[in-house]
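Take a look at the letters that make up each chain.
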Amino acid sequence: MDRETLIERALAATRKARVPYSHFPVGAALVTKSGKIYTGCNIESSSYSLTMCAERVALFKAISEGETQFNAIAITTKNRQLCPPCGACRQVLWDLAGDIDVILTIDENDSKVIKVSELLPEAFDEGFLPHEH
Ligand code: THU
């Protein structure tokens, strides 16, 4: 899977964003280890806090289809400014995708790759939870 294709798929997903309140469309494209791509866009609610970010839409779509192994996620915005994932998405990416590459994108020619572990150092995760029930 080449980076340009993943970025193109994220940009296409950005056009599906439902953003009547923020007017800030975000797209995401998540690629599995086997090369399958799942896309997502942000979807807003009139009850603002119920809004879902593009990254989690892509990740939840993939998980709900049975995917467990991922390589990278590309994130794009319509106005092509670099959009790092929010704190909630960093946690969920760490929990469900692990230390994958996060491709922050301005356009096809200008992107920055950063690991989830760099975005969320000293993360809380399941390793801190008690195992016996
Ligand atoms: N948003 C995302 O989709 N991903 C992020 O990582 C940052 C924020 C969305 C949520 C909301 O619809 C809009 O951007 C403004 O916060």
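You'll find the structure just up there.
Overview of the structure. (Residues numbered from 1 in each chain as written. Predicted model: local features only at pLDDT ≥ 70, side-chain atom pairs only at ≥ 80, totals over all residues. Heavy atoms only, no water.)

Considerations on helix α3 (residues 87-96)
The periodicity of an α-helix, 3.6 residues per turn, causes residues three or four places apart in sequence to face the same way.
And then number 1: Of the residues making up α3, those classed as buried are C89, R90, V92 and L93.
And then number 2: Buried positions along α3 lie against α2 (54-64), β3 (70-77) and α4 (116-119). (Buried < 20%, exposed > 50% of the residue type's maximum accessible area, 1.4 Å probe, protein only. Helix = DSSP H or I, 4+ residues; strand = E, 2+ residues; numbered from the N terminus. Contact = heavy atoms within 4.5 Å.)

Overview of the environment of A12
And then number 1: Among the structural elements, A12 can be located in helix α1 (residues 3-14).
And then number 2: Classification of A12 as partly exposed rests on a relative accessible area of 27%.
And then number 3: Each C-alpha atom of the pair A12 and L93 lies 21 Å from the other, and the pair is 81 residues apart in sequence.

Remarks on the site of the ligand
And then number 1: In the region of the ligand, the neighbouring residues are S22, F24, V26, N42, E44, T51, C53, A54, E55, P84, P85 and C86.
And then number 2: A distance of 2.9 Å separates an oxygen atom of the ligand from a polar atom in the side chain of N42.
And then number 3: The separation between an oxygen atom of the ligand and a polar side-chain atom of E55 is 2.6 Å.
And then number 4: Of the residues assigned to the shell around the ligand, the class counts are seven nonpolar, three polar and two charged. (Near = heavy atom within 4 Å. Polar contact = N/O pair within 3.5 Å; in protein donor to acceptor, adjacent residues only side chain to side chain. Nonpolar A, V, L, I, M, F, W, Y, C, P; charged D, E, K, R; others polar.)

Details of the nonpolar core
And then number 1: Ranked by internal contacts, the top residues of the largest apolar core, which has 21 residues, are L30, L59, F70, I73, L93, I100 and V102.
And then number 2: When residues of this core are traced back to their parent elements, those giving at least two are β1 (26-32), α2, β3, α3, β4 (101-107) and α4.
And then number 3: In terms of residue count, the dominant contributor to this core is α2 (four residues).
And then number 4: Beyond its immediate chain neighbours, meaning those up to four positions away, L30 contacts L6, K36, I37, Y38, A58, L59, A62, F70, A72, I73 and I100. (Core = buried A, V, L, I, M, F, W, Y, C linked by side-chain atoms within 4.5 Å.)

Some remarks on the pairing of β1
And then number 1: Burial within β1 is extensive, with seven of its seven residues counted as buried.
And then number 2: Side chains V26, A28, L30 and T32 of β1 all project onto a buried face; the interleaved residues G27, A29 and V31 project onto the opposite face, where all are buried too.
And then number 3: Sheet analysis places β1 next to strand β2 (residues 37-41), joined by five bridges and oriented antiparallel. Residue pairing in the sheet places A29 in a bridge with T39 of β2. (Pairing = 2+ DSSP bridges.)

Considerations on the pattern of salt bridges
A side chain of one charge can pair with a side chain of the opposite charge when the charged atoms of the two come close.
And then number 1: If you walk through the whole model with that rule in mind, you get one salt bridge.
And then number 2: Linking K115 and D101 is a salt bridge whose minimum nitrogen-to-oxygen distance equals 3.1 Å. With K115 in strand β5 (residues 110-115) and D101 in strand β4, this residue pair connects regions lying 14 residues apart in the sequence. (Salt bridge = Lys/Arg side-chain N within 4 Å of Asp/Glu carboxyl O.)

Details of a nonpolar patch on the surface
And then number 1: Together, F60, I63 and L96 make up an exposed nonpolar region whose accessible area comes to about 220 Å².
And then number 2: Inspection of the secondary structure assignment puts L96 in helix α3.
And then number 3: Given a relative accessible area of 35%, L96 falls into the partly exposed group. (Patch = residues over 30% accessible without salt bridge, like charges linked within 9 Å, V, L, I, M, F, W, Y side chains within 5 Å. Areas by Shrake-Rupley, 256 points an atom, 1.4 Å probe, with all protein chains shown as cover.)

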